Amino acid sequence: MKKSISSIFMGTAVAVLALCACTGKSFNISGTITEAKDSVLYLENMSLSGPVAVDSVKLGESGTFSFSQQAPDAPEFYRLRIAGQIINLAVDSTEQIEVKAQYPTMSAVYDVTGSEECVKIKELALLQMDLQRRIDAIVAAPDLGVSAVQDSVLRVTEAYKDQVKRRYIFAEPMKAYAYYALFQTVRLGQMESLIFNPRSSEQDVKVFAAVATSWDTYHPDAERGQNLHNIAIEGMKNVRILQSRQLSSIDPSLVNVSNVIDINLPDSKGRQRRLTELKGKVVLLDFHVFASEGSTQRIMQLRDIYNKYHAQGLEIYQVSLDPDEHFWKTQTAALPWICVRDERGPQSEYLVSYNIQSIPTFFLVGRNSDLDKRDAQIKDLDAEIRSLL
């Protein structure tokens, strides 16, 4: 099972948020969702620990609904959901929010009134959907290699971030929609990650810190503000560690004329194994955690691939991020391919170099040590390997 690195990071950085404190006031969310007769519409609070259902209704022919809840004492987030169709909303005190939509297109096509925050969140949601469509088109382009895909995705994502920072976050950082923008995600193949990534981007950490500082002023007791501070502080530490490692690890021997980013890590016997030493072979470069769910099944699949193509020139170079060295050695003792371990785990500089946001992830490397494709671009692994062999 893939584990999003951003979700792992968030899990260690935030505390569980209890449902909003009672203020004696209430808010109301009502409206109509047509073409959804007999569907169950859920109102869910998007707490720091995930969605929590607080009310629901089975829709009738007209699709009308009405939910009332205790008003929060600081901006809070909710969503309306039918199956996988979601409308995100923000509540600040005692709004009377009205939503009109039609199922099953309610996520992208709906009207909301009664809350400027909700209108802005709708704008952000539509912008994010457009960004996702553009990324999907880049990944699906048959003539783009790994480097071109990464460059193109980075370019459109940075343009998106610049627009959102100027129009939504820095314009009014105390608003709920500014907070909402920080936690938008995009999907690259099977990998989902934060658009603003405070784990490794110094600029993105500053964006989180700006909103955190503003929430300190306008919402001084809000747990979400404390959450932002925790993320920003953790992000600053991560960035400093990465910068220190990058400055101290410049080694002329690592410079090579290949297009692949070299990796130099020890195997289970302590021998340093370099990725570029495999030039002349087709390499499946795999990033893996043996302690993760689904690891055994994945290793069996890799064995099948290795047994089928190794004699023809395929090698597997597997990078383990397991924290337990003894466990890793036990798990890899019988593996026929190269398996190395980075003791830095989620802080590995190679995760940043290869733009990895979730584990497991793999790449195919051609005989000239050039990156060919990453897993998100590959529909038929056997066919891709045969084409490189």
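Not measured: the values here are computed from a predicted model. (Residues numbered from 1 in each chain as written. Predicted model: local features only at pLDDT ≥ 70, side-chain atom pairs only at ≥ 80, totals over all residues. Heavy atoms only, no water.)

Draft legend 1. Inspection of the sheet that holds strand β7 (residues 85-91) at higher detail. Taken in spatial order, the four strands make up an open sheet running β4-β3-β6-β7, and their pairing is antiparallel. Two strands in the sheet have a free side with no partner beyond their single neighbour: β4 (50-58) and β7. Direction aside, the axes of adjacent strands within the sheet are offset by 25 degrees on average. In the sheet, strand β3 (residues 40-47) pairs with β4 via eight bridges, with the strands oriented antiparallel. The residue of β4 that forms the bridge with L43 is D55. Sitting on the sheet, helix α2 (residues 116-140) is in contact with β6 (76-82) and β7, with an inclination near 140 degrees to β7. (Pairing = 2+ DSSP bridges. Helix = DSSP H or I, 4+ residues; strand = E, 2+ residues; numbered from the N terminus. Axes fitted to C-alpha atoms, helices over the stretch in contact; angles between N-to-C directions. Contact = heavy atoms within 4.5 Å.)

Draft legend 2. Here's a closer look at the sheet that holds strand β18 (residues 361-365). Pairing is mixed in the open sheet, where five strands are placed in the order β16-β15-β14-β18-β19. Looking at which strands have only one partner, the edges of the open sheet turn out to be β16 (338-341) and β19 (371-374). Taking each pair of neighbouring strands and ignoring which way they run, the sheet shows an average axis angle of 20 degrees. The sheet contact formed by strand β14 (residues 282-288) and strand β15 (residues 314-320) spans seven bridges and is parallel. Each residue of the ladder has a partner; that of F287, found in β15, is V319. Docked against the sheet, helix α8 (residues 325-332) engages β15 and β16, running at close to 175 degrees with respect to β16. Sheet contacts for helix α10 (residues 381-388): β14, β15, β18 and β19; angle to β18, the most-contacted strand, approximately 25 degrees.

Draft legend 3. Local environment of the packing of aromatic side chains. Enumeration over the complete set of coordinates arrives at 11 aromatic pairs. Relative to Y179, the ring of F77 has its centre 5.4 Å away and its plane inclined at 25 degrees; by these criteria the two rings are stacked. Here the residue F77 occupies a position in strand β6, and Y179 occupies one in helix α4 (residues 176-182), the gap between them amounting to 102 residues. Residue F77 shares its accessibility class with Y179, and that shared class is buried. Seen in terms of ring centroids, F287 and Y354 are 5.7 Å apart; in terms of plane orientation they differ by 50 degrees. Their pairing is tilted. One end of the pair, F287, is in strand β14; the other, Y354, is in the loop between α9 (349-353) and β17 (358-359), with 67 residues separating them in the sequence. One aromatic cluster is present, built from ring pairs that chain together F77, Y179, F183, F208 and W215. The residue whose ring lies beneath K122 is Y110, and the NZ or CZ to ring-centre distance is 5.2 Å. (Phe/Tyr/Trp six-rings, centres within 6.5 Å; stacked < 30°, edge-to-face > 60°. Buried < 20%, exposed > 50% of the residue type's maximum accessible area, 1.4 Å probe, protein only. Lys NZ or Arg CZ within 6 Å of the ring centre and 35° of its normal.)

Draft legend 4. Seen up close, the side chain of H288. Position of H288 among the secondary structure elements: in strand β14. Of the polar contacts made by the side chain of H288, one reaches the side chain of S295; its length is 2.8 Å. When near neighbours in sequence (up to four residues on either side) are disregarded, H288 contacts S295, R298, I299, Q318, V319, S320, L321, D322, I359 and P360. (Polar contact = N/O pair within 3.5 Å; in protein donor to acceptor, adjacent residues only side chain to side chain.)

Draft legend 5. Representation of the confidence of the model for the protein chain. Within the protein chain, residue pLDDT values average 85, and 88% of them lie at 70 or more. When the criterion is pLDDT under 50, residues 5-23 qualifies, and its contacts beyond four places in sequence or with other chains add up to 48 contacts. For residues 246-258, every residue scores under 50 in pLDDT, and the model assigns this stretch 10 contacts once sequence neighbours within four places are set aside. (pLDDT = per-residue confidence, 0-100.)

Draft legend 6. Structural view of the nonpolar core. One finds I135, V164 and I169 to be the most contacted residues of the largest nonpolar core, which totals 38 residues. Where this core is concerned, the elements lending two or more residues are α2, α3 (146-169), α4, β10 (185-188), α5 (202-218) and α6 (223-248). Among residues more than four places away in sequence, those in contact with I135 are V153, V156, T157, V186, R187 and L188. With 23 residues, the next largest nonpolar core counts L275, V289, Y317 and I338 among its residues. (Core = buried A, V, L, I, M, F, W, Y, C linked by side-chain atoms within 4.5 Å.)

Draft legend 7. Examining the packing of α2 against α3 more closely. Packing of α2 against α3 leaves a shortest axis separation of 9 Å and a crossing angle of 170 degrees. By the angle between their axes, α2 is roughly antiparallel relative to α3. Contact residues: α2 offers K120, E123, L124, L127, Q128, L131, R134, I135, I138 and V139, while α3 offers V149, S152, V153, V156, T157, Y160, Q163, V164, R167 and Y168. By residue class, the composition of the contact of α2 with α3 is 12 nonpolar, four polar and four charged. (Parallel < 35°, antiparallel > 145°, perpendicular 65-115°, else oblique. Nonpolar A, V, L, I, M, F, W, Y, C, P; charged D, E, K, R; others polar.)

Draft legend 8. Looking closely at the environment of A222. Note on placement: A222 falls in the loop between α5 and α6. In this structure the C-alpha to C-alpha distance between A222 and E76, which are 146 residues apart in sequence, comes to 9.5 Å.

Draft legend 9. Spotlight on the pairing of strand β2 (residues 26-34). Where β2 and strand β5 (residues 64-70) come together, seven bridges link them in antiparallel fashion. Residue pairing in the sheet places N28 in a bridge with S68 of β5. Bridging between β2 and strand β8 (residues 96-102) involves seven bridges; their strand directions are parallel. Its bridge partner lying in β8, I33 is registered against A101.

Draft legend 10. Highlighting the pattern of salt bridges. In this structure the tally under the stated criterion is 19 salt bridges. R224 is the partner of E76 in a salt bridge, and the nearest nitrogen-oxygen pair spans 2.6 Å. Linking E76 in strand β6 with R224 in helix α6, this pair joins segments that are 148 residues apart in sequence. Comparing E76 with R224 shows no difference in burial state: the two are buried. With a closest N to O distance of 2.2 Å, D286 and R298 form a salt bridge. Of this pair, D286 sits in strand β14 while R298 sits in helix α7 (residues 295-309); the two residues are 12 residues apart in sequence, bridging distant segments of the chain. (Salt bridge = Lys/Arg side-chain N within 4 Å of Asp/Glu carboxyl O.)

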